Amino acid sequence: MSDSKSCRKSWVAQHIAELPRSGIRDFFELVNTMDDVISLGIGEPDFATPWHIRDAAIYALHSGYTCYTSNLGDLRLRKAICAYAKENFGVSYRPEQECIVTVGVSEGLDILLRAVLNPGDEVLYHEPCYVSYAPTIRMTHAVPVPVRTEAKNDFVVDVADLEAKVTPRTRVLLLNYPNNPTGAGLDWAAKESLAAFACRHDLLVISDEIYEEVNYAKRTPSLAGLPGMKDRTVLLNGMSKAFAMTGFRIGYACGPAAIIEAMMKVHQYSMLCASSIAQAAALEALQHGADERDAMCKEYMQRRNVMVKRLNDMGLTCFMPCGAFYAFPSIVSSGLDSTTFAKRLLQEKRVAVVPGPAFGASGEGHVRCAYATAMGDIERAMARIKEFLQELKSA
Amino acid sequence: MDNESLKREVVALLRRNARMSDQEIADRLGSTAGTIAGLIQELERDGVLMGYTAIVNDQSDNGEVRAIIEVEVRPERDTGFDIVAERLAKFPEVQSVYLVSGRYDLRLEVAGHSLQEIASFVSGKLAPQDGVKSTATYFLLKKYKEAGVQFSKDEKHERLKIVP
Ligand SMILES: Cc1ncc(COP(=O)(O)O)c(C=O)c1O
């Protein structure tokens, strides 16, 4: 038994071993070792979940609603999701076939990509973007194809840039507006040209609309509501952001029945169903949560106004976000690159922001500042950043 | 934003925190401190903003006793409850007066230095008033929430410092 030691180089699957270790992990770890940091790095609401929603979860426990639900999710919740989607996103879905409850948008995206991609298929998406897109695509053995977006276009993806990257293997267009990390949104004209592009190349559109309700601009119907789009669009959304329910882990997908059915297969074997208690809370939120949802959104908007004004006043040019709770200022005027800027700001002034390249190479030159943070902390952080810039200049 | 909606937003913010500076209100609403100061002056002049007060957690023995008093009133022709209500409102120990629907008519909140002081206010001043049919007095024992502010804070759960 002398050679019981494995002679394999590694037990880790090759495509997982090849996933890049996030370049800013070291930075995150540094933040976690420090005290008295004001963090603008947190991409989740600072509000506790509204009480009536927590109370519904308590009631679910109390009344013993603690078993598995249907694989697709409790039908009452799916009915509420479809009614909510019709009212808020302007698209109608059938709760029995066209809707599935997932463990956050995270799982929704994962099982959707696994359901529709063959190895080697290409997925077009825009950068800077949410950190899990490229790895989730790679885990299905498909190929992530990022397209740059830029401040000069208000971070809206340019159809000409998409055209340049389409190949016969392109199968999916993955969109996220309102956008994490830029706060960019799509107006009606942009939606129309993206829809036309998807139809022209016969692509499936995955629309991650998790920030749709955290929206400060004029609302327009979802991409799925455009002519010809419903059959080729899967809408992903969830409770995390709009209802301050990140820890409940409830999301949902709405789309063509055949795709939902395929997602259900993956979900059934890997997840079985989402938490019944969290589903009960989500039902309460969708049916009775609009007032508090809108009040939180209004508070985010006022914080945005303050943060963006402060940033621009101190020379960090910042695009006015139209949704989500992130400002994405350019830090080029500081003369530092994004990661150095974030590290030194943390070490010298105890303010945490996320370096732009965490969201893709095209995020270089920017940092993400979340305003899902109490106003007092925003003001203190802005004052510290201003000092930091002044000290940089005089050094 | 037009002036009327701006005013509504200003009132909503002051209700939450009356000490918010003109500058912060302006920054939140995308306006200027000068404009906000002007609007607040107008709101005060027009009798919309009637005053500013503090929410105090004074559970400790600070020598103040408060009571809620339900008052049944015989309404008068033409003026209804107004004359009695205005008259009761003039007593300095009366902190608030509301006309309410339900079993009784006026709901008062009264403050004094002792139970006796409030009791003698009720028997000596309130009950004998013309038009007052009956009263019921409830002494406040403990405050849990006032003006939208809960006094016991939830245990603080730290969020992760960075969430992508
Ligand atoms: C764009 C985007 N999509 C998906 C998610 C994941 O959300 P969930 O909590 O629903 O899994 C996030 C969370 O930050 C996000 O920003």
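Numbers given to residues run from 1 along each chain, matching the order in which its sequence is written. Each chain gets a letter, beginning with A, and each ligand a number, beginning with 1, in the order they are written. A pLDDT threshold of at least 70 governs which residues receive local features in this predicted model, and a stricter bar of 80 or more applies before side-chain atom pairs are shown or counted, although totals over entire chains, interfaces and linings include all residues. Hydrogen atoms and water are omitted, and side-chain values are computed over all heavy atoms in the structure.

Let's talk about helix α10 (residues 276-288) of chain A
Residue and element names in this part refer to chain A.
For step 1, the next point in the chain: Where helices and strands are cited, they refer to DSSP runs of H or I of at least four residues and of E of at least two residues respectively, numbered from the N terminus. For a helix, the expected span equals 1.5 Å multiplied by the number of residues minus one. The end-to-end C-alpha distance of α10, which contains 13 residues, comes to 18 Å, matching closely the 18 Å that a straight helix rising 1.5 Å per residue would cover.
For step 2, the next point in the chain: Residues of α10 that are buried: S276, A278, Q279, A280, A281, A282, L283, A285 and L286.
For step 3, the next point in the chain: Structurally, α10 contributes buried residues whose contacts are with α3 (51-62), α4 (75-89), β2 (99-102) and α11 (290-313).
For step 4, the next point in the chain: Regarding α10, its N-cap is S275, as a side-chain oxygen of that residue lies 3.3 Å from the backbone nitrogen of I277 further along. Throughout, exposure labels follow a simple rule: accessible area from a 1.4 Å probe, protein chains only, divided by the maximum for the residue type, with under 20% read as buried, over 50% as exposed, and the rest as partly exposed. For this analysis, residues touch if any pair of their heavy atoms sits within 4.5 Å. Under the rule applied, a polar contact is a pair of N or O atoms within 3.5 Å (in protein, one hydrogen donor and one hydrogen acceptor; residues adjacent in sequence only if both atoms are side-chain atoms).

Observations concerning the site of the ligand
All names here are of chain A.
For step 1, the next point in the chain: Inspection of the region around the ligand gives 13 residues, with V105, S106, D208, S240 and K241 positioned closest.
For step 2, the next point in the chain: N180 has a polar side-chain atom sitting 2.9 Å from an oxygen atom of the ligand.
For step 3, the next point in the chain: At 2.8 Å from an oxygen atom of the ligand is found a side-chain nitrogen or oxygen belonging to Y211.
For step 4, the next point in the chain: Per-element tally for the shell around the ligand: the top contributor is helix α5 (residues 104-116), with three residues.
For step 5, the next point in the chain: Polar here means any residue other than Ala, Val, Leu, Ile, Met, Phe, Trp, Tyr, Cys and Pro, which are nonpolar, and Asp, Glu, Lys and Arg, which are charged; Gly is therefore polar. Its residues assigned to classes, the shell around the ligand comprises five nonpolar, five polar and three charged. We call a residue near a molecule or strand whenever a single non-hydrogen atom of that residue lies within 4 Å of it.

A look at the domain arrangement of chain A
Residues and elements named next belong to chain A.
For step 1, the next point in the chain: In this document the domain limits rely on a domain assignment from an automatic tool or a database. Domain annotation of chain A identifies domain 1 (20-49 + 291-394) and domain 2 (51-288).
For step 2, the next point in the chain: Summarising the inter-unit geometry, the C-alpha centres of domain 1 and domain 2 are found 26 Å apart.
For step 3, the next point in the chain: Taken together, the contacts link 31 residues of domain 1 with 37 residues of domain 2.
For step 4, the next point in the chain: Accessible surface is computed with a 1.4 Å probe, and the buried area is the amount of it that two parts give up when combined, taken over both parts together. Regarding the contact of domain 1 and domain 2, the summed buried area is about 2,800 Å², with carbon and sulfur atoms giving 61% of it.
For step 5, the next point in the chain: When the buried area of domain 1 at its contact with domain 2 is split by residue, T49, R293 and F319 rank highest and sum to 27% of it.

Notes on the interface of chain B and chain A
For step 1, the next point in the chain: Counting from both sides, the interface comprises 15 residues of chain B and, opposite them, 30 residues of chain A.
For step 2, the next point in the chain: With both chains or domains summed, chain B and chain A bury close to 1,800 Å², and 49% of this area falls on carbon and sulfur atoms.
For step 3, the next point in the chain: What counts as a salt bridge is simple: a side-chain nitrogen of Lys or Arg found within 4 Å of a carboxyl oxygen of Asp or Glu. The interface formed by chain B and chain A includes five salt bridges.
For step 4, the next point in the chain: B:E9 is paired through a salt bridge with A:K298; the nearest N and O atoms lie 2.9 Å apart.
For step 5, the next point in the chain: On inspection of chain B and its partner chain A, the count reaches 16 residue pairs in polar contact (both at pLDDT 80 or more).
For step 6, the next point in the chain: For the side of chain B that touches chain A, the secondary structure elements donating two or more residues are α1 (3-16) and α2 (22-29) of chain B.
For step 7, the next point in the chain: Ranked by residues supplied to the side of chain B that touches chain A, first place goes to α2(B) with four residues.
For step 8, the next point in the chain: Taken together, the residues that form the side of chain B that touches chain A break down as six nonpolar, one polar and eight charged.

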